[in-house]
Amino acid sequence: MKTAVVANQKGGVGKTATSIHLAFDALERGKRLVFIDLDPQENASDSLESFACGLTASALFNADVDLRGALGAALEQDGPCIVLIAADPALANLEKKELGEVGANFKNSIKALAELGFDLCLIDTAPTIGNALAAALYASDYVLSPIEPERYSIKGIKKMNAAIANIRKANPGLKFLGMVPSMVDGRNPRHKQHLDELKAAYPQLMIPAPIGLRGSIADALAMGVPVWQIKKTAARVAAKEVRALAQYVYEKMEIAQ
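Attention here is on the structure that accompanies the text.

### Digging into the overall build of the chain
Helix and strand counts for the chain stand at ten helices and seven strands. Rg of the C-alpha trace for the chain: 17 Å, near the compact-globule value of 18 Å for 257 residues, within the 12% margin. For the chain, the spread of C-alpha atoms along the principal axes amounts to about 55 × 40 × 30 Å. The proportion of buried residues among the 257 residues of the chain is 55%. Contacts in the chain between residues far apart in sequence, at least 24 positions, make up 82% of those at least 6 positions apart. A distance of 9 Å separates the average location of the 29 positive side-chain charges in the chain from that of its 28 negative side-chain charges.

This is how it looks when you write it as structure tokens:
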């Protein structure tokens, strides 16, 4: 099982939309996917509600969690699937615990999930650099960061890059897939300027698959479906962009079609 975390300490940058569409794309690739929502706002959990297994994410940070027992019904599914481990309010309590304990327990849970036959684990995270994000980075193989071409988001990515560099001391195998230009308004000259600045500052880290500011993506999330199932002309462009991003990410992760 390969594990990827979608993270940015700045909120409202398309992080959840990215992780959800990566999940739907993986499903269509025939993968058995476990999706972990570590954001107490529960936006991803709302969109993927129909895939919920009953287990909540805070349980993954307990040393004695029985994942095989908790996921019993979900594990009986044959073939491709999405199994959602939903966010819950108890995730907020992680900041009161020691990071070492939080990280070790979560990493053990990820190992246990791998032993249950999943091909891929995607982790959506809260827009804060706290214990949950640190644990996710510690337990993951890959990380990617959606970034809106606005000044506050650009400033935030510096902190995100520093957090990734710090976690690599404990998880040297963590690979940064790069930054995804997200919610890009092609008519906004400020967005173009900021994108040019980002490409100049991080030429090796910018993923060449930007996602535009598309209302159809929000429509899809509200309906709990991928944007390519929205029957609107405007959704076709969004679908093409999202598919291109998924293709790039899964090629880098060496996940076959």
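### A look at the environment of Asn188
Its location among the elements puts Asn188 in the loop between β7 (175–181) and α8 (189–201). Judged by its relative accessible area of 16%, Asn188 is buried. A C-alpha to C-alpha distance of 36 Å links Asn188 and Arg168, two positions 20 residues apart in sequence.

### What to know about the sheet that holds strand β6 (residues 142–147)
As summarised here, the arrangement of the seven strands in space is β3-β4-β2-β5-β1-β6-β7, forming an open sheet in which the pairing is parallel. Looking along the sheet, the strands with just one partner apiece sit at the ends: β3 (52–56) and β7. For this sheet, the mean inter-axis angle between neighbouring strands, taken without regard to orientation, is 20°. In the sheet, strand β2 (residues 32–38) pairs with strand β5 (residues 120–125) via six bridges, with the strands oriented parallel.

### A short note on the pattern of salt bridges
Applying the stated criterion across every chain yields a total of seven salt bridges. Of the charged contacts, one joins Asp124 and Lys15 as a salt bridge, the two residues approaching to 3.4 Å between their closest N and O atoms. With Asp124 in strand β5 and Lys15 in helix α1 (residues 15–28), the pair connects residues that are 109 residues apart, well separated along the chain. Here Asp124 and Lys15 have matching classes, each one buried. The shortest N-O distance in the salt bridge between Asp219 and Lys232 comes to 3.2 Å. Here Lys232 lies in the loop between α9 (215–223) and α10 (233–252) and Asp219 lies in helix α9, a separation of 13 residues in the sequence. Via salt bridges that share partners, Asp25, Glu28, Arg29 and Arg243 belong to a single interconnected network.

### Quick look at the pairing of β6
The buried fraction of β6 amounts to six of the six residues, a majority that puts the element mostly inside the structure. Every second residue of β6 is oriented toward a common face, with Tyr142, Leu144 and Pro146 on one face and Val143, Ser145 and Ile147 on the other, all of them buried. Sheet topology note: the strand β1 (residues 2–6)/β6 ladder contains three bridges and is parallel. Bridging from a neighbouring strand, Val6 pairs with Leu144 of β6.

### Quick look at the packing of α1 against α9
Running from N to C, α1 and α9 point in directions that differ by 65°, and their axes come no closer than 11 Å. With respect to α9, the element α1 is oriented roughly perpendicular. Helix-helix and strand crossings are classified by hand; for α1 and α9 the assignment is left-handed. Between α1, through Ala17, Ile20 and His21, and α9, the contact on the second element is made entirely by Ile217, Ala220 and Leu221. Here the contact of α1 with α9 is built from residues that sort into five nonpolar, one polar and no charged.

### Let's talk about the environment of Met253
Looking at the secondary structure, you find Met253 in the segment after α10. Residue Met253 is classed as buried on the basis of its relative accessible area of 0%. With sequence-adjacent residues up to four places away left out, Met253 is seen in contact with Lys2, Ala4, Leu120, Tyr142 and Leu177.

Conventions we followed
Residues numbered from 1 in each chain as written. Predicted model: local features only at pLDDT ≥ 70, side-chain atom pairs only at ≥ 80, totals over all residues. Heavy atoms only, no water. Helix = DSSP H or I, 4+ residues; strand = E, 2+ residues; numbered from the N terminus. Rg over C-alpha atoms; globule rule 2.2 N^0.38 Å. Buried < 20%, exposed > 50% of the residue type's maximum accessible area, 1.4 Å probe, protein only. Contact = heavy atoms within 4.5 Å. Lys, Arg positive; Asp, Glu negative; His and termini not counted. Charge placed at Lys NZ, Arg CZ, Asp CG, Glu CD. Pairing = 2+ DSSP bridges. Axes fitted to C-alpha atoms, helices over the stretch in contact; angles between N-to-C directions. Salt bridge = Lys/Arg side-chain N within 4 Å of Asp/Glu carboxyl O. Parallel < 35°, antiparallel > 145°, perpendicular 65-115°, else oblique. Left-handed = near helix turned anticlockwise from the far one by under 90°. Nonpolar A, V, L, I, M, F, W, Y, C, P; charged D, E, K, R; others polar.

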